[in-house]
Amino acid sequence: MIEFRGVTKRYPDGTVAVADVDLEVPAHRTTVLVGSSGSGKTTLLRMVNRMVDPTAGAVLVDGVDVATVEPVRLRRSIGYVMQNSGLLPHRKVADNIATVPMLRGMPRRAARARALELMDTVGLDRALADRYPAQLSGGQQQRVGVARGLAADPDILLLDEPFGAVDPLVRTELQDELRRLQGELGKTVLFVTHDIDEAFRIGDHVVILREGGEIVQRGTPAELLASPADAFVAGFVGADRGRRSLRVDRIGGRDVVVDADGRPAGVLAP
Ligand code: ADP
Ligand code: MG
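Below you will find a few notes about this structure. Computed from a prediction, not measured in an experiment: that's the story for all the values here.

About the cut-offs
Residues numbered from 1 in each chain as written. Chains lettered and ligands numbered in written order. Predicted model: local features only at pLDDT ≥ 70, side-chain atom pairs only at ≥ 80, totals over all residues. Heavy atoms only, no water. Salt bridge = Lys/Arg side-chain N within 4 Å of Asp/Glu carboxyl O. Buried < 20%, exposed > 50% of the residue type's maximum accessible area, 1.4 Å probe, protein only. Helix = DSSP H or I, 4+ residues; strand = E, 2+ residues; numbered from the N terminus. Phe/Tyr/Trp six-rings, centres within 6.5 Å; stacked < 30°, edge-to-face > 60°. Lys NZ or Arg CZ within 6 Å of the ring centre and 35° of its normal. Near = heavy atom within 4 Å. Polar contact = N/O pair within 3.5 Å; in protein donor to acceptor, adjacent residues only side chain to side chain. Areas by Shrake-Rupley, 256 points an atom, 1.4 Å probe, with all protein chains shown as cover. Nonpolar A, V, L, I, M, F, W, Y, C, P; charged D, E, K, R; others polar. Contact = heavy atoms within 4.5 Å. Expected span 1.5 Å × (residues − 1).

**Observations regarding the pattern of salt bridges**
Within the structure shown, the criterion is met by 18 salt bridges. Residues R126 and D120 are paired through a salt bridge, measuring 2.7 Å at the closest nitrogen-oxygen approach. On the basis of relative accessible area, R126 is assigned to the partly exposed category, the value being 40%. Connected through shared salt-bridge partners, R143, E173, E177, R180 and E184 make up one network.

Right, dumping it as structure tokens:
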């Protein structure tokens, strides 16, 4: 479990990015922080692996204040996937994935074998192992980023808008893949996005943030849709725009769920 306790971050220029945030992130689940740009999502995420230190309050991982853990050690034990994959351009795919295990002392051959396994895990063809990042599609690069985040077999995986730069179809595929991975590996996933649809698609728990890291509401996607706490949340989740008002139509002998515009959203199981 990750706990934010009364956490505030004031940057040196005086900007208060997050103010007095209390939040518990349950283990072995996916929690999504969602809010518009500048709401403090990245700041909160980076406090977990000490890329940002709070100016007040504390972040605890399994009851241990991360301020007491040496940053480099902490970062090797927590997977982190950045928006633009953060891959090293002059290293091959397999070497990018193997970097962290090697930093942790794994011999080169073993680290490469582990990298190839991880490529299977995230659905990347092993034939891509000796390519450079620039020789991959955006979606493939993001998969490499996720594989690298998983390389040290961390209990916690932090992802900061990891699928923002890929096209919508691939994005959906990556979201589904992440859900599958989370279910399979049981990691504690903390995911940041400004996209509420993405949040609903992958989050077991969704936390809606307003400026200053203010938590407006948290709950399961269903809870947030069913009873938005205020007009801000209602607007954010689209509940007041009828965008999410679904109905079931009988089409071709099947029950098809369609949205307010008549676009199909899925088929009900018989
Ligand atoms: P988000 O990820 O939700 O877009 P951030 O955590 O990046 O939000 O930023 C929250 C606020 O803190 C914004 O107002 C941003 O401009 C400010 N901020 C972020 N990083 C810094 C920094 N290094 N120095 C000063 N202000 C910053
Ligand atoms: Mg951000």
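Now that the structure is up, let's keep going.
**Examining unusual backbone geometry**
Positioned with a positive phi, H28 is a non-glycine residue whose angle comes to about 60°. Looking at the element boundaries, H28 is found in the loop between β2 (16-25) and β3 (30-34).

**A short note on the packing of aromatic side chains**
Tallied over the entire structure, the rule returns two aromatic pairs. Consider the rings of F163 and F191, whose centres lie 5.9 Å apart with planes at 55°: the pair is tilted. Here the residue F163 occupies a position in the loop between β7 (156-160) and α6 (168-185), and F191 occupies one in strand β8 (residues 188-193), the gap between them amounting to 28 residues. On the basis of relative accessibility, which here comes to 2%, the residue F163 falls in the buried class. By relative accessible area, which is 0% here, F191 ends up buried. The aromatic ring of F232 is capped on one face by R210, whose charged end is 4.8 Å from the ring centroid.

**Some remarks on the site of ligand 1**
The immediate surroundings of ligand 1 are formed by Y11, D13, T15, A17, S36, S37, G38, S39, G40, K41, T42 and T43. Here an oxygen atom of ligand 1 sits 2.7 Å away from a polar atom, N or O, in the main chain of G38. Expressed as a share of its isolated accessible area of 560 Å², the protein-covered part of ligand 1 is 62%. In terms of residues, the shell around ligand 1 owes the most to one element, helix α1 (residues 41-48), which gives three residues. Class assignment of the residues belonging to the shell around ligand 1 gives a composition of two nonpolar, eight polar and two charged.

**Focus on the environment of A152**
In this fold, A152 is placed in the loop between α5 (138-150) and β7. When sequence neighbours within four positions are dropped, the list of residues in contact with A152 reads R76, V100 and R104.

**Observations regarding the side chain of Q217**
Mapped onto the elements, Q217 comes out in strand β10 (residues 214-219). Within the structure, the side chain of Q217 is placed 3.0 Å from the backbone oxygen of S227, a separation counted as a polar contact. Those residues in contact with Q217, other than ones at most four positions away along the chain, are V206, V207, I208, L224, S227, P228, A229 and V233.

**Re α5**
Along its 13 residues, α5 runs 19 Å from first to last C-alpha, staying within 8% of the 18 Å computed at 1.5 Å per residue. Among the residues of α5, those classed as buried are G139, Q142, R143, V144, G145, V146, A147, R148, G149 and L150. Packed against the buried residues of α5 are β6 (78-81), α3 (93-103), α4 (108-121), β7 and α6.

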